Amino acid sequence: MSNHDQERAMAGFTADIYQNEYLPLDGSEVNAIVTVSATGGGPGTGQPPAAEIVIVDTSGSMDVPKVKINSARDATSAAIDSIRDGVAFAVIAGTDSARVVYPGDGSLAIASAQTREQAHWAASRLKAGGGTAIGTWLTLARELFDSVPGRVCHAILLTDGANEHETAAELDVALADCEGRFQCDCRGVGTDWEVSELRRIASVLLGTVDIIPDAAGMAEDFRAMTERAMGKATGSVSLRLWTPQGSTVAFVRQVAPSVEELTDRAVAVNPLTADYPTGAWGEESRDYHFCISVVPRGPGDEMLAGRISLVEDEEVLSQGLIKAIWTDDQQLSTRINREVAHYTGQAELAECIQDGLEARKLGDEATATVKLGRAVQLASESSNDGTMKLLQAVVEVEDAATGTIRLRRDVDDADEMALDTRSTKTVRVGPAQ
Amino acid sequence: VTVVCPSGHASATTDYCDQCGAPIAPPAATVMAPPPGQATEVLPVIEEEADTSPAARREPCPACGAPRSGDDRYCEDCGHDFTAPRGAGTQWEAIATVDRRQFERQATEGLSLPAEGAERRFLLNAPQMRIGRRRERPGEPVPEIDLGGPPEDPGISRMHAVLERQDDGTYRVRDLGSTNGTTLNDDPRPIATDHPVALAHGDRIRLGAWTTITLQSR
């Protein structure tokens, strides 16, 4: 690649670091928020070749009520309409096994007016009947993607029920084979699916998870997801973290637009460097929280605690430095950086909601009240209005500032699942006070 | 290219050691001598008759001009670090002024603009120069750039911001979570707390109800 190309590629990514570099003399924990922004690239940076597969649950329950399978047909059509010309695509119907309903020749079709028309027809004939074995759906999608190497691969997975017709271990094996091969956004319709199951699939496959409480909203959601996938201007990008000798990575976590633990995703590059996959990027911005434990040095000493690089195909797109400076000046060392404090709170918020809902399910109302109360307090402090609204459907807020709440007695299942799936959504740090 | 860090590691990265993370000082060749004709401007003009005493022959402090005592690392007069990178021999100065534009922009009620014209000059002679207002209380830390005392701007926090010297000798400004924020030049948006912004000659740091700090190199 020529220098010119490198410059152009680098112009598309920026990494901004937010941290208080100053540590007290015995301080060893370095925290930093890194905002990574991708700006779509300049003229001439065409989008990479893409592949898109829509996976629709056609188990028997999709017929109850009938509106689910009807909406799924419409939503599949809406997704097909959003696939741009030249993109390889297919539609899979999933039951206790998986079947390609379009194009059905063991490969993918190339999008054009004609193939989209054929796919619409195939989508309109989707019929419900059978069980649910999501691992087989994913495996078929992976096999299809394998037939079009070199493309940025994305799938949409829709289900209305739990994974009942295969074991958790079978799903795990299928999922592990798909990891890094394609990205998958997961959607649950109705209230009979398992939030934790779908969240795990989406998490491993670097996608989003959400509930479609009302089947009528499905087409719009499918259209939006497909358009977002079509907007990706890069292939798979990794966050590369170098840390000095003697240090350990306490955690790496995506914190905006949603909380996603990345610590265990580390792929070692060398003893001091690891890559964390982030998938494909469109014009978007994401925040990451890095926490690195280093060996303290003397007063006035400076150390590079982390070097962050964005890497695509071994090419470094952008870089940022996380530093540590030891000082005996407490004015400098005791302040907690605003971004770090904010996102520490957002991560705790997500954890409190998930723990609180789990406790509620197990009948442990005391724990549920404490956890969901703390969640209300954190949502209020950070002006996370979206999460606050979802919390209010599950708890009655007496005093948000102190986190005083009462658990509601009659909670709609969909409201509880919406709170659970969307608990990881964060807000960005507000303007300075 | 491989460089050697202060601890003796061979490092492929030249800013910080790729083994231990220690900063790597720029090699002597990159600390450029001032171009001819400007060299004399770096040194303060001493308007005294020629002094031939040993003190005068000693290296003058680039910050305040006081002679260096032996091989002392820090200047006895102003605390300047003789080993610090000198940014191509540049001395930086921060000049705080009462600024009508800042006052009008802030439009703080109940305050009137003090007389303009008064200047407070601060030589940037330490790696960290904190900007703030000294509290008249014993034991409280004193910012290096102390804007306490008349004309005292009540919109400046006790510890408002800090100017930090970078490896190339230039400075950057970091807001320390000040109450009323810090803006730069004509950008009305305050800079983010703890997000250092690099400064160049002539940059204006605006803070408080009427204060503008202009950065100058010479």
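Residues numbered from 1 in each chain as written. Chains lettered and ligands numbered in written order. Predicted model: local features only at pLDDT ≥ 70, side-chain atom pairs only at ≥ 80, totals over all residues. Heavy atoms only, no water.

A tally of helices and strands in chain A yields 12 helices and 20 strands. For 433 residues, the compact-globule estimate of 2.2 N^0.38 gives 22 Å, and the C-alpha radius of gyration of chain A, at 23 Å, lies within 12% of that figure. Projected onto its principal axes, the C-alpha coordinates of chain A cover approximately 70 × 65 × 40 Å. Residue burial in chain A is summarised as follows: out of 433 residues, 55% are buried. Here the contacts in chain A between residues at least 6 apart in sequence split such that 75% fall between residues at least 24 apart. (Helix = DSSP H or I, 4+ residues; strand = E, 2+ residues; numbered from the N terminus. Rg over C-alpha atoms; globule rule 2.2 N^0.38 Å. Buried < 20%, exposed > 50% of the residue type's maximum accessible area, 1.4 Å probe, protein only. Contact = heavy atoms within 4.5 Å.)

Residues and elements named next belong to chain A. Ordered by their spatial adjacency, 6 strands build an open sheet running β2-β18-β17-β11-β15-β14, and the pairing between neighbours is mixed. Each of the sheet's edge strands pairs with one partner strand only, and the pair in question is β2 (22-23) and β14 (267-270). The sheet contact formed by strand β11 (residues 237-242) and strand β17 (residues 302-312) spans 5 bridges and is antiparallel. If you follow Leu239 over to β17, its bridge partner there is Leu310. (Pairing = 2+ DSSP bridges.)

Moving on, we come to the side chain of Asn163 of chain A. Residue and element names in this part refer to chain A. Here Asn163 is to be found in the loop between β8 (152-159) and α5 (168-178). A residue is classified by how much of its surface remains accessible, and Asn163, at 9% relative accessible area, is buried. Within the local environment of Asn163, its side chain forms a polar contact with the backbone nitrogen of Ile134, the two atoms lying 2.6 Å apart. A distance of 2.9 Å separates polar atoms of two side chains, one belonging to Asn163 and the other to Glu166. Other than its neighbours up to four places away in sequence, Asn163 contacts Thr132, Ala133, Ile134, Gly135, Leu171 and Glu197. (Polar contact = N/O pair within 3.5 Å; in protein donor to acceptor, adjacent residues only side chain to side chain.)

Attention now moves to the interface of chain B and chain A. Taken residue by residue, the interface counts 26 residues in chain B and 27 residues in chain A. Viewed at the interface, chain A and chain B are joined by 5 salt bridges. For Arg335 of chain A, the salt bridge identified is with Asp194 of chain B, shortest N-O distance 3.3 Å. Remark: the boundary between chain B and chain A carries 16 residue pairs in polar contact (both at pLDDT 80 or more). Contributing elements (two or more residues each) for the side of chain B that touches chain A: β5 (128-132), β7 (159-165) and β8 (171-175) of chain B. For the side of chain B that touches chain A, a count of residues per class yields 9 nonpolar, 10 polar and 7 charged. (Salt bridge = Lys/Arg side-chain N within 4 Å of Asp/Glu carboxyl O. Nonpolar A, V, L, I, M, F, W, Y, C, P; charged D, E, K, R; others polar.)

Taken together, the side chains of Glu164, Asp192, Asp412, Asp413 and Asp415 of chain A define an acidic patch exposed on the protein surface. Mapped onto the secondary structure, Asp192 of chain A falls in the loop between β9 (183-189) and α6 (195-204). (Patch = residues over 30% accessible without salt bridge, like charges linked within 9 Å, V, L, I, M, F, W, Y side chains within 5 Å. Areas by Shrake-Rupley, 256 points an atom, 1.4 Å probe, with all protein chains shown as cover. Lys, Arg positive; Asp, Glu negative; His and termini not counted. Charge placed at Lys NZ, Arg CZ, Asp CG, Glu CD.)

It is worth spelling out unusual backbone geometry at this point. Of note, the amide linkage connecting Tyr102 of chain A to Pro103 of chain A takes the cis form, showing an omega dihedral of -5 degrees. Relative to the assigned elements, Pro103 of chain A resides in the loop between β6 (98-102) and β7 (109-110). In this structure, Pro257 of chain A follows Ala256 of chain A across a cis peptide bond, with omega equal to 5 degrees. Note on placement: Pro257 of chain A falls in the loop between β12 (248-256) and β13 (260-261). Positive phi, normally seen in glycine, also occurs at Ser383 of chain A, with a value near 55 degrees. Following the sequence through the fold, Ser383 of chain A ends up in the loop between α10 (365-381) and α11 (385-392). Here Ser383 of chain A falls in the partly exposed class, since its relative accessible area comes to 48%. Phi is positive for Asp194 of chain B, close to 65 degrees, though the residue is something other than glycine. Here Asp194 of chain B lies in the loop between β9 (182-184) and β10 (197-198).

A separate point is helix α2 (residues 67-81) of chain A. Residue and element names in this part refer to chain A. The end-to-end C-alpha separation of α2 is 21 Å, in line with the 21 Å expected for 15 residues at 1.5 Å each. Within α2, 11 of the 15 residues are buried, which leaves the element mostly enclosed by the surrounding structure. Looking at α2, one finds that the buried residues are Lys68, Ile69, Ser71, Ala72, Arg73, Ala75, Thr76, Ser77, Ala78, Ala79 and Ile80. The elements touched by buried residues of α2 are β4 (50-57), β5 (88-94), α3 (113-124), β8, β9 and α7 (218-230). (Expected span 1.5 Å × (residues − 1).)

Moving on, we get to the side chain of Ser178 of chain B. Residue and element names in this part refer to chain B. Topologically, Ser178 is positioned in the loop between β8 and β9. Only 3.3 Å separates the side chain of Ser178 from the side chain of His160, close enough to count as a polar contact. A polar atom in the side chain of Ser178 sits 3.0 Å from the backbone nitrogen of Gly181.

All right, on to the nonpolar core then. Residues and elements named next belong to chain A. Among the nonpolar cores identified, the biggest contains 55 residues, and Ile53, Leu138, Leu157, Phe182 and Ile201 are the most heavily contacted of them. Broken down by element, the residue count for this core peaks at 7 residues, all from helix α4 (residues 134-146). Beyond its immediate sequence surroundings of up to four residues, Ile53 is in contact with Ala90, Ile92, Leu108, Ala141, Leu144, Phe145, His154, Ala155 and Ile156. The next biggest cluster of nonpolar side chains, apart from the first, holds 33 residues, and it includes Ala78, Ala79, Ala119 and Ala219. (Core = buried A, V, L, I, M, F, W, Y, C linked by side-chain atoms within 4.5 Å.)

Within a regular strand, the side chains alternate between the two sheet faces. All names here are of chain B. Counting buried positions over the 7 residues of strand β3 (residues 92-98) gives 6, a clear majority of the element. Of the pairings in the sheet, the one linking β3 to strand β12 (residues 211-217) comprises 7 bridges and is antiparallel in character. Residue pairing for β12: Thr97 is matched across the bridge by Thr212. Bridge count between β3 and strand β4 (residues 119-123): 5 bridges; the pairing is antiparallel.

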